[in-house]
Amino acid sequence: KDILGLIDYTKREKVILAGHDWGAIIAWCLAIMHPERVQKLLIVNVPHPLSFYHFYANDKEQYKRSTYIRNFQMPFFPQRKIAANNFELFCTMFKKSANEGSFTDETLEAYKKAWNDAGTMNCMLNWYRALFQRAPNFKKYNCNVDLETLIIWGKKDHALKHEMAADSLKYAKNARLEYFEDASHW
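Scoring rules and cut-offs
Residues numbered from 1 in each chain as written. Predicted model: local features only at pLDDT ≥ 70, side-chain atom pairs only at ≥ 80, totals over all residues. Heavy atoms only, no water. Buried < 20%, exposed > 50% of the residue type's maximum accessible area, 1.4 Å probe, protein only. Helix = DSSP H or I, 4+ residues; strand = E, 2+ residues; numbered from the N terminus. Arc of directions from axis to C-beta. Pairing = 2+ DSSP bridges. Axes fitted to C-alpha atoms, helices over the stretch in contact; angles between N-to-C directions. Salt bridge = Lys/Arg side-chain N within 4 Å of Asp/Glu carboxyl O.

Next up on the list: helix α3 (residues 49–58). For an α-helix the count is 3.6 residues per turn, leaving residues at separations of three or four pointing the same way. Among the residues of α3, Pro49, Ser51, Phe52, Phe55 and Tyr56 are the ones counted as buried. Along α3, the residues classed as buried sweep out an arc of 160 degrees about the axis, all on the same side. Turned more than 90 degrees away from the buried face of α3, the exposed residues are Ala57 and Asn58.

Pairing within the open sheet is parallel, and its four strands lie in the order β1-β2-β3-β4. Only two strands of the sheet have a single neighbouring strand rather than two, namely β1 (15–20) and β4 (175–180). Along the sheet, successive strands turn relative to each other by an average axial angle of 15 degrees, direction set aside. Inspection of the sheet shows β1 paired to strand β2 (residues 38–44) by six bridges, in the parallel sense. Following the sheet pairing, Ile16 is matched in β2 by Lys40.

Let us now look at the pattern of salt bridges. In total, this model carries ten salt bridges according to the counting rule given. For Asp182, the salt bridge goes to Lys156, with nearest N and O atoms at 3.7 Å. Of this pair, Asp182 sits in the segment after β4 while Lys156 sits in the loop between β3 (148–154) and α9 (163–168), and the two are 26 residues apart along the sequence. Classification of Asp182 as exposed rests on a relative accessible area of 55%. The residue Glu178 makes a salt bridge to Arg176 at a minimum N-O spacing of 2.8 Å. We classify Glu178 as partly exposed; its relative accessible area is 31%. Bridged by salt links that share partners, the residues Asp59, Glu61, Arg65 and Lys161 form one connected network.

See the structure below:
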């Protein structure tokens, strides 16, 4: 509803909606649940929700890559582990999962300042918790996205298999997929 509120605030009926990571998940969901509000869709490195759930349930490699999502379901422990040693876990993960130079020390310091803000880490993790605990009931919707859609996918994504991008085309008949061989999730 937040994004619908922002669209309403702009006094526009439809928008061109772009999203990466959680923004892309929200963009997919808005296009599914409120297609009348979206003119075009741009998705970066996140599959259609039904593609993700299918791969998560049926693909051993994707299930393994998604371990972090299951770990984030626990209360309290993930926040403590992530915050330990000045957010060393996330900083290391960002650097290892991105192309060299993508995250400068200055950029990581800005992230650490944001992560250290009271409540920020809970809010971040709650998105992952909601993925399984409060996901939309997609059975209520026609999950096909008929909007003009561009899916951009970096094939060096450590968390999400690139095959999910192609699988997403089953649900987005008016979509085009562009792979970037040397790009990561970031």
